[in-house]
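# Inside the fold
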Amino acid sequence: MVKFSIPAVAVAIGAGVSSTYAFAPVANTGARSAAASSAPLFMSSVAAPEQSPLAPLTVWGDRIPDIIESQNELKSRKMDFAPTIKSSDLGLASDDKEGQLAYVREHAMEIKQQMVDNGAVIFREFDLMKEQEGFVKFYEALGMKTCLDPLHSVSARPTVDGDKNSPVYEAVNKESRKNFFIGMHNEFVGTRAPRAAAFVCFKAAEEGGEFLIADGRQIFRDLKTDLVERLYNRNIRYSVMELPFFGWVDNFPEFVRPTAMGALKGLVSAAINAKVDFSVDMQWGEAGYDNTKMLQARAPSQPPILVHPVTGEPHWFCNVHSHSSKLRKDRESIYGAERFEDGASQINKSDMYYGDDGAISDEDLEHMDEVTMKNVQFVKMTEGDVVLLDNYKCMHGRNVFDGTRKHGVAWFEGWTGEEEMKAKAQQSKQAAMA
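All values derive from a computational prediction rather than experimental measurement.

### Here we look at the overall build of the protein chain
Along the backbone of the protein chain there are 13 helices and 19 strands. Here the protein chain holds 434 residues, and 56% of them are scored as buried. Split by element, the accessible area of the protein chain, about 18200 Å² in all, is 51% carbon and sulfur.

### Considerations on the sheet that holds strand E17 (residues 394-398)
Taken in spatial order, the 4 strands of this open sheet run E5-E17-E8-E15, and their pairing is antiparallel. Since the sheet does not close on itself, it has two edges, and those belong to strand E5 (182-185) and strand E15 (376-379), each with one partner. The sheet shows a mean angle of 20 degrees between the axes of neighbouring strands, taken without regard to direction. Here strand E8 (residues 211-215) runs beside E15; their pairing, made up of 4 bridges, is antiparallel. Looking at the pairing, Ile213 lines up with Gln377 of E15.

### A look at the side chain of His367
Following the sequence through the fold, His367 ends up in helix H12 (residues 362-374). Judged by relative accessible area, His367 falls into the buried class, the value being 12%.

### Some words on helix H10 (residues 325-335)
Restricting attention to buried positions, one finds in H10 the residues Ser325, Lys326, Leu327, Arg328 and Arg331. Buried-residue contacts for H10 involve E5, helix H9 (320-323), strand E14 (351-354) and H12. Its side-chain oxygen placed 3.4 Å from the backbone nitrogen of Lys326, Ser324 serves as the N-cap of H10. Positioned one or two residues after H10, Gly336 has a phi angle of 95 degrees, which is positive.

### Let's talk about the pattern of salt bridges
Considering all chains together, one arrives at 27 salt bridges under this definition. As a salt-bridge pair, Arg217 and Glu313 come within 3.4 Å of each other at their nearest N and O atoms. Residue Arg217 is located in helix H6 (residues 216-222), and its partner Glu313 is located in the loop between strand E12 (305-307) and strand E13 (314-316); the two are separated by 96 residues in the primary sequence. In this structure, Asp250 and Lys293 form a salt bridge, with 2.7 Å as the shortest nitrogen-oxygen distance. On the criterion of sequence distance, the pair formed by Asp250 in the loop between strand E9 (236-243) and helix H8 (257-275) and Lys293 in strand E11 (residues 292-298) is long-range, its members being 43 residues apart. Residue Asp250 is classed as partly exposed on the basis of its relative accessible area of 36%.

### Quick look at the packing of helix H3 (residues 97-106) against helix H5 (residues 132-142)
H5 packs onto H3 with a crossing angle of 25 degrees between their chain directions and a minimal axis gap of 7 Å. One finds that H3 runs roughly parallel with respect to H5. Note that H3 runs across H5; the crossing there is right-handed. Counted together, Leu101, Val104 and Arg105 of H3 and Lys137, Phe138, Ala141 and Leu142 of H5 form the full contact between these two elements.

### Some thoughts on H5
Extensive coverage of H5 is indicated by the burial of 8 of its 11 residues. Buried within H5 we find Gln132, Gly134, Phe135, Val136, Phe138, Tyr139, Ala141 and Leu142. Among the residues trailing H5, Gly143 stands out with phi positive, at a value near 85 degrees.

### Looking at the nonpolar core
For soluble globular proteins, the rule of thumb is that nonpolar side chains tend to be buried together. The biggest cluster of nonpolar side chains holds 52 residues, and the ones touching the most others in it are Ile67, Leu231, Leu243, Met282, Ile305, Trp316 and Met368. The element best represented in this core is E9, accounting for 5 residues. With 34 residues, the next largest nonpolar core counts Tyr103, Val168, Ala410 and Trp415 among its residues.

What counts, and at which threshold
- Throughout, a residue's number is its position along its own chain's written sequence, starting from 1.
- Local features in this predicted model are restricted to residues whose pLDDT is 70 or higher, and side-chain atom pairs enter the listing and the counts only when it is 80 or higher, whereas totals over whole chains, interfaces and linings include all residues.
- Water and hydrogen atoms play no part in the side-chain values, which are based on all heavy atoms of the structure.
- A run of DSSP states H or I qualifies as a helix once it reaches four residues; a run of E qualifies as a strand once it reaches two. Both are numbered from the N-terminal end.
- Exposed residues in this analysis have more than 50% of their type's maximum accessible area, buried residues have under 20%, and partly exposed residues fall in between, with area computed by a 1.4 Å probe over protein chains only.
- In this description, accessible areas are obtained by the Shrake-Rupley approach with a 1.4 Å probe, and a residue is regarded as covered only by the protein chains that are shown.
- Pairing between two strands requires that DSSP report at least two bridges joining them.
- Note on definitions: angles span 0 to 180 degrees between N-to-C directions of axes, and those axes are lines fitted to C-alpha atoms, for helices only across the stretch in contact.
- Whether two residues are in contact is decided by their heavy atoms, any of which lying within 4.5 Å being enough.
- Distance and chemistry together define a polar contact, namely a pair of N or O atoms within 3.5 Å, with one atom able to donate a hydrogen and the other to accept it when in protein, and with adjacent residues in sequence counting only for side-chain atoms on both sides.
- By definition, a salt bridge exists where a carboxyl oxygen of Asp or Glu is found within 4 Å of a side-chain nitrogen of Lys or Arg.
- Between 65 and 115 degrees an angle is taken as roughly perpendicular, under 35 as roughly parallel, over 145 as roughly antiparallel, and anywhere else as oblique.
- By the definition used in this description, the sense in which the near helix is turned from the far one sets the handedness, with an anticlockwise turn below a right angle giving left-handed and a clockwise turn giving right-handed.
- To form a nonpolar core, buried Ala, Val, Leu, Ile, Met, Phe, Trp, Tyr and Cys residues must be joined to one another through side-chain atoms within 4.5 Å.

None of this, on its own, says anything about what the molecule does.
Listed below in structure tokens is the structure:
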């Protein structure tokens with residue numbers, strides 16, 4: 001999920017005024033293939049030598065000619081999702097770390113193919129991954145290529161061991177957010193999306209805290225046809241941030257106010273776009289019980305359904321479940337309101353609209369919520385368990401919890417053998433069409 005810290009936003013607004021060349025590319029509604037070579041140089045594009053590379057640019061893919069036909073094709077197919085690999089099923093003791101590592105190394109391509117074909121793979125009874133060192137050995141043996149957290153440039157997510165250059169990040173374990181149900185989403189921020197991720201449990205919460213996964217193909221399959229057509233034709237866009245700090249603008253004389261508001265909007269937009277690969281559009285609005293003036297950052301219009309970059313399958317790629325203000329408020333009636341303990345919580349308010357800024361009806365939002373939750377799997381992880389997932393095909397979230405929870409995540413720009421998978425999938429597609 002998109003999270004910003006107040007210091008990072010303040011730095012962006014204070015220092016990014018002149019960096020208008022750093023605007024990020026927007027999602028194209030025609031051919032949407034993202035090519036890193038054509039992207040402008042971002043301030044966040046220069047990583048220290050010891051760091052992993054940035055998360056890759058989102059691969060939007062080509063426009064689907066007939067979205068309803070694609071949905072109907074999925075309805076006629078059987079889809080397997082998230083198979084489980086247990087150490088005991090392999091004839092290995094749970095504490096046989098060397099044997100587990102050898103298995104992963106020897107079956108790396110098979111495991112990665114399962115991830116791509118089925119969206120995710122769940123590993124259980126592997127003591128190898130109970131500690132960060134073993135977890136790193138696990139994904140390195142698989143041939144996964146780490147990348148930085150998508151929000152690296154604003155340092156929004158801490159690492160498990162506190163080392164700023166560590167590839168293993170915290171997976172929303174804060175006690176202050178334990179009663180906040182994290183809605184289903186694919187990890188992407190602005191123009192960047194990791195290709196895959198591995199979520200690991202180092203310590204399970206005493207109660208709740210399940211890791212949630214859902215197959216984007218199944219969600220696309222189960223949505224109402226008329227809604228799919230409407231969403232795909234109009235696109236969607238998110239508001240990703242609110243800056244409720246501009247009540248003082250009302251103190252300006254009325255004849256000065258429009259000019260001041262225009263200048264502030266341009267200043268804030270340029271600063272944030274220079275800091276994060278976002279290309280946000282700032283819009284004036286009002287917030288809070290006293291209708292204080294605020295600036296809302298809206299991301300570019302983008303498709304809610306993508307073609308998978310390896311398999312060519314269409315799938316849901318839309319974070320309405322986590323970003324919709326209405327759906328979050330509905331969940332608050334079940335779990336209680338989020339505990340706003342720092343100023344960043346005032347900033348991290350999101351919502352979702354059609355790509356033309358039109359409002360999405362409550363009825364449609366409730367339907368998307370119902371279809372999403374119908375397809376969610378609650379994965380109760382114990383120490384050493386890992387969920388390896390394809391970030392395009394598999395959505396993830398987190399249940400509320402009590403106690404102390406310590407889960408981590410590593411993001412991947414890709415993996416060894418990915419190009420061979422693409423070639424194989426393309427050959428299979430051509431053979432089927434022949």
